[in-house]
Amino acid sequence: MKRIFSGVQPTGNLHLGNYLGAIRNFVGLQEEHDCIYCVVDLHAITVWQDPAELKQNTREVTAAYLAAGINPKASIIFNQSQVPAHAELAWIFNCVARLGWLDRMTQFKDKAGKHKERASAGLYVYPNLMAADILAYQATHVPVGEDQKQHLELARDIAQKFNHDYGVEFFPVIEPLILGSATRVMSLRDGTKKMSKSDASDLSRINMTDDADAIARKLKKATSDPDFLPGPEILDEQGALPDAERKSRPEAFNLMGIYGALAQESWTEVLTRFEGQGFGAFKPALAELAVEKLRPITGEMQRLMDDPGYVDAVLRDGAERARGRSEPILQACYDIVGFLRP
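Because the structure is a prediction, the values reported are computed rather than measured. (Residues numbered from 1 in each chain as written. Predicted model: local features only at pLDDT ≥ 70, side-chain atom pairs only at ≥ 80, totals over all residues. Heavy atoms only, no water.)

K.L.:
Kindly report on helix α4 (residues 85–96), identifying the contributing residues and their values.
P.N.:
Here α4 is 12 residues long and its end C-alpha atoms lie 16 Å apart, about the 16 Å a rise of 1.5 Å per residue gives. Taken residue by residue, α4 has A85, H86, L89, A90, I92, F93 and V96 as its buried positions. The buried residues of α4 all sit within an arc of 160° when viewed along its axis, so they share a single face. (Helix = DSSP H or I, 4+ residues; strand = E, 2+ residues; numbered from the N terminus. Expected span 1.5 Å × (residues − 1). Buried < 20%, exposed > 50% of the residue type's maximum accessible area, 1.4 Å probe, protein only. Arc of directions from axis to C-beta.)

K.L.:
Tell me about empty space enclosed by the protein, and please be specific about residues and values.
P.N.:
Counted under the stated rule, the structure contains one cavity of 30 Å³ or more. Estimated volume of the largest cavity: approximately 40 Å³. The wall of the largest cavity is formed by Q107, F108, K111, L123, Y126 and H151. Top element by residues in the lining of the largest cavity is helix α6 (residues 106–112). It accounts for three residues. (1 Å grid on protein atoms, 1.4 Å probe; cavity = no way out; pocket = protein on both sides within 12 Å on 5 of 7 lines; lining within 4 Å. Points joined across faces, edges and corners; volume = space filled by probe spheres on them.)

K.L.:
Can you explain the packing of helix α12 (residues 250–263) against helix α13 (residues 267–274)? Please cite residues and give values.
P.N.:
Contact geometry for α12 and α13: axes closest at 9 Å, N-to-C directions at 110°. Here α13 runs roughly perpendicular to α12, going by the angle between their axes. α13 is crossed by α12, and the crossing has right-handed handedness. Residues F253, M256, G257, Y259 and G260 of α12 touch α13, and the partners they reach there are W267, V270, L271, R273 and F274. Tallied by class, residues from the contact of α12 with α13 come to seven nonpolar, two polar and one charged. (Axes fitted to C-alpha atoms, helices over the stretch in contact; angles between N-to-C directions. Parallel < 35°, antiparallel > 145°, perpendicular 65-115°, else oblique. Left-handed = near helix turned anticlockwise from the far one by under 90°. Contact = heavy atoms within 4.5 Å. Nonpolar A, V, L, I, M, F, W, Y, C, P; charged D, E, K, R; others polar.)

K.L.:
So what's going on with the side chain of N254? Residues and values would help.
P.N.:
With respect to the secondary-structure elements, N254 resides in helix α12. When its relative accessible area of 5% is taken as the criterion, N254 is described as buried. Once residues lying within four places of it in the same chain are set aside, the contact partners of N254 are R184, V185, M186, S187 and L188.

K.L.:
Pulling in residues and values, what's your account of a positive patch on the surface?
P.N.:
Residues R189, R217, K220 and K221 make up a contiguous surface patch of positive charge. Along the chain, R189 turns up in the loop between β5 (175–177) and α10 (212–221). Residue classification places R189 among the partly exposed residues on the basis of a relative accessible area of 38%. (Patch = residues over 30% accessible without salt bridge, like charges linked within 9 Å, V, L, I, M, F, W, Y side chains within 5 Å. Areas by Shrake-Rupley, 256 points an atom, 1.4 Å probe, with all protein chains shown as cover. Salt bridge = Lys/Arg side-chain N within 4 Å of Asp/Glu carboxyl O. Lys, Arg positive; Asp, Glu negative; His and termini not counted. Charge placed at Lys NZ, Arg CZ, Asp CG, Glu CD.)

K.L.:
Tell me what's going on with the environment of G338, and back it up with residues and numbers.
P.N.:
Locating G338 in the fold gives a position in the segment after α15 (308–337). Along the chain, G338 and Y166 lie 172 residues apart, while their C-alpha atoms are 9.9 Å from each other.

K.L.:
Hey, could you go over helix α8 (residues 126–135) for me, with residue numbers and the actual values?
P.N.:
Think of an α-helix as 3.6 residues a turn; residues three or four steps apart then line up on the same face. Counting buried residues in α8 gives 10 out of 10 residues, a clear majority hidden from the surface. Where α8 is concerned, the buried positions are Y126, P127, N128, L129, M130, A131, A132, D133, I134 and L135.

K.L.:
Give a detailed account of unusual backbone geometry, specifying residues and quantitative values.
P.N.:
Peptide bonds are, in most cases, trans, and in most cases residues other than glycine have a negative phi. Despite not being glycine, N13 shows a phi value in the positive range, around 55°. Positionally, N13 belongs in the loop between β1 (3–8) and α1 (16–29). By relative accessible area, N13 is classed as partly exposed at 33%. The backbone of Q138 shows a phi angle near 50°, a positive value even though the residue is not glycine. Take Q138: it is sitting in the loop between α8 and β4 (141–143).

K.L.:
Please set out the pattern of salt bridges residue by residue, giving values where relevant.
P.N.:
All told, the structure shown has 12 salt bridges when counted by the stated rule. Across the pair D165 and K161 runs a salt bridge whose closest N-O atoms are separated by 2.7 Å. Here the residue D165 and the residue K161 both occupy positions in helix α9 (residues 149–166), the gap between them amounting to four residues, near one helical turn. Accessibility expressed as a relative area gives 40% for D165, which makes it partly exposed. For K161, a relative accessible area of 23% puts it in the partly exposed group. In this structure, the salt-bridge partner of E300 is R303, at a minimum N-O distance of 2.8 Å. Here R303 and E300 lie together in helix α14 (residues 279–305), a separation of three residues that amounts to about one turn. R303 gets classed as partly exposed once you look at its relative accessible area, which sits at 47%. Linked through salt bridges whose partners overlap, the residues forming this network are D202, R205, D210 and K218.

K.L.:
Which residues make up the side chain of T62, and what values do they have?
P.N.:
On the secondary structure map, T62 appears in helix α3 (residues 51–68). Separated by 2.8 Å, the side chain of T62 and the backbone oxygen of T58 make a polar contact. Ignoring anything within four residues of it in the chain, the contact list for T62 reads V39, I77, V311 and L315. (Polar contact = N/O pair within 3.5 Å; in protein donor to acceptor, adjacent residues only side chain to side chain.)

K.L.:
Now, about the packing of α4 against α9: what can you tell me, with residues and values included?
P.N.:
α9 packs onto α4 with a crossing angle of 80° between their chain directions and a minimal axis gap of 10 Å. Judged by the inter-axis angle, α4 sits roughly perpendicular to α9. Of α9, the residues touching α4 (which contributes I92, F93 and V96) are I158, K161 and F162. Classifying every residue of the contact of α4 with α9 gives five nonpolar, no polar and one charged.

What follows is the structure in structure tokens.
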């Protein structure tokens, strides 16, 4: 059985891209695999977080997991800071990873911007902690989007170098799981940019806490274009949307991609359904579908957020089970490294 590990940062404004690109996929994976799902609060503090908001956001991500259908008895749900193995193994990996490897991480360059000397050391070694998250459980597979593939490759390098340096076959070589067609959910205001928690405009995203009116209003205001929607003849032989087509009308194909992801329909089905129509007809159909699919989840999220005691109990139980999994692996790792332990 594959052991799956993945996580979501509790940095506020959990949105449709997080749901379609990650959380919804988590639900399907738990039916056939051993799944560990983390709220990665240690990662969150690589940039400043208000302490009270961090606690609230941790509960929000947990509520989203539960509302989407992740079963806390079948899967393990916990927040990272409750399991010391993550931080402890990350230090060992800080000593295994090479500076040259970290220098190549494009996400650090993107987040640090022009003033990287002002960025935290934690942001720089973030990928080593990500490797520890996965390998603390000897997970074999990680569902990732395109923006995380480079970090996963680094985790593979760290596992292989550890094994080589100590002459063991201890950590598995992690395999990526690229799931679904909705890993590219873009901003509702600019179809060339990913939907983001940090975008200054709330109209750029559908938050998982938005009610039906807010969802419909944001989709009505979403950027589109005046042309009619094309038919399936634009697709390639595999039924996929060519990048050249996507770039020619980024907002249009973003909205159509969201429709297909929510309806769980292929590009062929979506383009056949709406061929020749304008956005005056398409947007109301998308809004109706989005409200239908998201309202039960947002409603359940709100109910759970109103019961923080229950959410905290889920996290405590998950953390206890996660510690039970990770502690033997960490102790074996310490023995391999040569640490003297009681």
